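Descriptive structure summary
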Amino acid sequence: MKEKSHKKEKQFIERPEYPGGKKALQNFIASHLRYPQVALAAKVQGIVTVSFEVNDNGLIESAKIIKGLSAACDQEALRLVHLLQYGKAFNRGLRVKTTYKINIHFKLPQPSPIEFSYVQEASVEEKSNTSADKTEYTYSIHITKE
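Residues numbered from 1 in each chain as written. Predicted model: local features only at pLDDT ≥ 70, side-chain atom pairs only at ≥ 80, totals over all residues. Heavy atoms only, no water.

Evaluated as defined, the whole model comprises 3 salt bridges. The salt bridge involving Arg95 is made with Asp56; its shortest N-O contact spans 3.6 Å. Of this pair, Arg95 sits in the loop between α3 (71-83) and β3 (98-106) while Asp56 sits in the loop between β1 (46-54) and β2 (60-67); the two residues are 39 residues apart in sequence, bridging distant segments of the chain. Owing to a relative accessible area of 65%, Arg95 belongs among the exposed residues under this scheme. (Salt bridge = Lys/Arg side-chain N within 4 Å of Asp/Glu carboxyl O. Helix = DSSP H or I, 4+ residues; strand = E, 2+ residues; numbered from the N terminus. Buried < 20%, exposed > 50% of the residue type's maximum accessible area, 1.4 Å probe, protein only.)

Over its 12 residues, helix α1 (residues 21-32) runs 17 Å from end to end, which matches the ideal 16 Å to within 8%, given 1.5 Å per residue. When we look at burial in α1, the residues that qualify are Leu25, Phe28 and Ile29. An end-on view of α1 places all buried positions within 95 degrees of arc, on one side of the element. Turned more than 90 degrees away from the buried face of α1, the exposed residues are Lys23, Ala30 and Ser31. (Expected span 1.5 Å × (residues − 1). Arc of directions from axis to C-beta.)

With that out of the way, let us pick up the environment of Leu59. With respect to the element layout, Leu59 can be found in the loop between β1 and β2. Between the alpha carbons of Leu59 and Leu84 there is a distance of 8.1 Å; along the sequence they are 25 residues apart. Residues in contact with Leu59, not counting those within four places in the same chain, are Glu53 and Val54. (Contact = heavy atoms within 4.5 Å.)

Now for the pairing of β3. Burial of the side chains of β3 is restricted to one face: Thr98, Tyr100, Ile102, Ile104 and Phe106 are buried, whereas none of Thr99, Lys101, Asn103 and His105 on the reverse face is. Pairing analysis gives 9 bridges linking β1 to β3, with the strands arranged antiparallel. Bridge assignment links Val48 to a residue of β3, and that residue is Ile104. (Pairing = 2+ DSSP bridges.)

With that settled, consider the packing of α1 against α3. Contact geometry for α1 and α3: axes closest at 11 Å, N-to-C directions at 130 degrees. On the basis of the axis angle, α1 is oblique to α3. Here the hand of the crossing between α1 and α3 comes out right-handed. Listed contacts from α3 to Phe28, Ile29 and His32 of α1 are Glu76, Arg79, Leu80 and Leu83. Its residues assigned to classes, the contact of α1 with α3 comprises 4 nonpolar, 1 polar and 2 charged. (Axes fitted to C-alpha atoms, helices over the stretch in contact; angles between N-to-C directions. Parallel < 35°, antiparallel > 145°, perpendicular 65-115°, else oblique. Left-handed = near helix turned anticlockwise from the far one by under 90°. Nonpolar A, V, L, I, M, F, W, Y, C, P; charged D, E, K, R; others polar.)

Here we take up the nonpolar core. If you look at the biggest cluster of nonpolar residues, it comprises 23 residues, and the most contacted ones within it are Val50, Phe52, Leu84, Tyr86, Ile102 and Ile104. Secondary-structure elements contributing two or more residues to this core are α1, β1, α3 and β3. Beyond its immediate stretch of four places on either side in the chain, Val50 contacts Ala63, Lys64, Ile65, Ile66, Ala77, Leu78, Val81, Tyr100, Lys101, Ile102 and Ile104. (Core = buried A, V, L, I, M, F, W, Y, C linked by side-chain atoms within 4.5 Å.)

Bringing the packing of aromatic side chains into the picture now. The full count for this structure, using the stated rule, is 6 aromatic pairs. Cluster of aromatic residues (ring-pair linked, three or more members): Tyr18, Phe28, Phe52, Tyr86 and Tyr100. (Phe/Tyr/Trp six-rings, centres within 6.5 Å; stacked < 30°, edge-to-face > 60°.)

Further remarks concern the pairing of β1. For β1 and β2, the ladder comprises 5 bridges, and the chain directions are antiparallel. Paired with Thr49 across the strands is Lys67, a residue of β2. Where β1 folds back onto β2 in an antiparallel hairpin, the turn is made up of 5 residues, including Gly58, whose phi is positive at roughly 85 degrees.

Here it is, written out as structure tokens:
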């Protein structure tokens, strides 16, 4: 005699996901990040941590700064989070909000390396009774600013 199993099937709630996954999210942030001029001038760099909710339609709600860096960087991080568009989650009529945390890195652009070159110039210098060959070197250093 077989016994019937009375276990219910587990139903998992779907979370809205960013289209393309984590890598696409990182690429979006990197391509849309505008480093604030005030932060550039003050040479501010670091990480801003933002917490936000995504509703079942994929819309961002109640974004807030958990760990800030500077007022300008915090505003830029919030602007970026509000630009995000997540996919819809289908949860059989349930209205679900999912909380996410994201770190947005503000890293100063690296200056270009110093370039230098040298030119070898040979000159002959005559002394009273002897002549000697003397080699002189001239170095040019070019520093470029961006």
